[in-house]
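# A closer look at the structure
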Amino acid sequence: MTSTRRLFFAIALPDSVRQAIIGWRAGQFPYEAGRPVAAANLHITLAFLGEVSANKEQALRAAAMRLQQKPFTLALDDCGHWPGSGVVWLGMKRAPRGLLQLAQRLRAQAARNGCYQSPLPFHPHVTLLRQARQAVALPPGAPGWEITVDGFSLYASLFDNGRTRYMLLDSWPLAG
Ligand code: 2AM
């Protein structure tokens, strides 16, 4: 049996932004709204890869290394709720073209390597709360934290001691 890991490509958020987000979140949502995602786990997923073998991981890493794209900025200025998946999220009113392009390229590579990709439109977001299945009073927007994205990363999703933890495996710069 070959072992697999649950992997995804994502944009890491700077520590200062993660701290600002959790401070803001604490003032916006009551305890019963949902389960807050740990500060260390706040990120924007670019492509979810699922359970991946070591061989496939190598191919995906090689594709990530070949990818050429310029850095871009984004502003986290939107907030919403998906009751079906129980997720309250932070996002962007207008996702920058660079972000959509980066995600599209990584998702295309993932699909080429046999990783199932959802046919639903890509909606870049930071998951703030989980298990939010009841109606949630949402703030009208979000403070609009600006982030310069000059790289992207590969993470493994681990579950230990009843907690989900994301382990950073590798990062690649955006340049060119
Ligand atoms: P979520 O935060 O909206 O749940 C690690 O689990 C990351 O991959 C999370 O950002 C999660 O998105 C995303 N993810 C998990 N399962 C997924 C799936 N089946 N399709 C797309 N993204 C998924």
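Heads up: the structure comes first, above all this text.
Computed from a predicted model, the values in this text were never measured in an experiment.

Phi is positive for glutamine 131, which is not a glycine, with a value near 55 degrees. Its location among the elements puts glutamine 131 in the loop between strand S7 (126-130) and strand S8 (145-149). When its relative accessible area of 54% is taken as the criterion, glutamine 131 is described as exposed. In this structure, asparagine 161 is a non-glycine residue whose phi angle is positive, near 50 degrees. Looking at where asparagine 161 falls in the secondary structure, it is placed in the loop between strand S9 (151-160) and strand S10 (163-173).

Judged by nonpolar contacts, the single largest core of 47 residues is most densely connected at Phe9, Leu76 and Phe152. Apart from the residues lying within four places of it in its own chain, the contact partners of phenylalanine 9 are Ile44, Thr45, Leu46, Ala47, Leu49, Leu60, Ala64, Leu106, Phe152, Ser153, Leu154 and Trp172.

This next bit is on the pairing of S9. In terms of residue burial, S9 counts as a mostly covered element, since 7 of its 10 residues are buried. Both strand S1 (residues 4-12) and S9 contribute to a ladder of 4 bridges, which runs antiparallel. The residue bridging phenylalanine 9 from the neighbouring strand is leucine 154, located in S9. By the bridge criterion, 10 bridges tie S9 to S10 in an arrangement that is antiparallel. Its bridge partner lying in S10, glycine 151 is registered against proline 173.

This part is about the sheet that holds S10. Note: strands within a sheet are paired through backbone hydrogen bonds, in either parallel or antiparallel orientation. Here we have 4 strands laid out as an open sheet, ordered S3-S1-S9-S10, and antiparallel in their pairing. At either margin of the open sheet sits one strand with a lone partner, and together these are strand S3 (43-53) and S10. With direction set aside, neighbouring strand axes in the sheet form an average angle of 25 degrees. Its contacts with the sheet put helix H3 (residues 97-112) on S1, S3 and S9, and the angle it makes with S3 is roughly 5 degrees.

Turning our attention to the packing of aromatic side chains. According to the stated counting rule, one finds 8 aromatic pairs in the structure shown. Centre to centre, the rings of phenylalanine 8 and tyrosine 155 are 5.5 Å apart; their planes meet at 15 degrees, and the pair counts as stacked. Of this pair, phenylalanine 8 sits in strand S1 while tyrosine 155 sits in strand S9; the two residues are 147 residues apart in sequence, bridging distant segments of the chain. On the basis of relative accessibility, which here comes to 4%, the residue phenylalanine 8 falls in the buried class. Through a chain of ring-to-ring contacts, the aromatic side chains of Phe8, Tyr155 and Tyr166 assemble into a single cluster.

Quick look at the site of the ligand now. Near the ligand, the surroundings consist of Phe8, His43, Thr45, Phe48, His125, Thr127, Arg130 and Tyr166. Note that an oxygen atom of the ligand is positioned 2.5 Å from one of the side-chain N or O atoms of threonine 45. Residue arginine 130 places a side-chain N or O atom 2.9 Å away from an oxygen atom belonging to the ligand. Relative to its unbound accessible surface of 480 Å², the ligand loses 65% to contact with the protein. Secondary structure elements with two or more residues in the shell around the ligand: S3 and S7. In terms of residues, the shell around the ligand owes the most to one element, S3, which gives 3 residues. Considered class by class, the residues forming the shell around the ligand number 3 nonpolar, 4 polar and 1 charged.

Conventions and cut-offs
Residues numbered from 1 in each chain as written. Predicted model: local features only at pLDDT ≥ 70, side-chain atom pairs only at ≥ 80, totals over all residues. Heavy atoms only, no water. Helix = DSSP H or I, 4+ residues; strand = E, 2+ residues; numbered from the N terminus. Buried < 20%, exposed > 50% of the residue type's maximum accessible area, 1.4 Å probe, protein only. Core = buried A, V, L, I, M, F, W, Y, C linked by side-chain atoms within 4.5 Å. Contact = heavy atoms within 4.5 Å. Pairing = 2+ DSSP bridges. Axes fitted to C-alpha atoms, helices over the stretch in contact; angles between N-to-C directions. Phe/Tyr/Trp six-rings, centres within 6.5 Å; stacked < 30°, edge-to-face > 60°. Near = heavy atom within 4 Å. Polar contact = N/O pair within 3.5 Å; in protein donor to acceptor, adjacent residues only side chain to side chain. Areas by Shrake-Rupley, 256 points an atom, 1.4 Å probe, with all protein chains shown as cover. Nonpolar A, V, L, I, M, F, W, Y, C, P; charged D, E, K, R; others polar.

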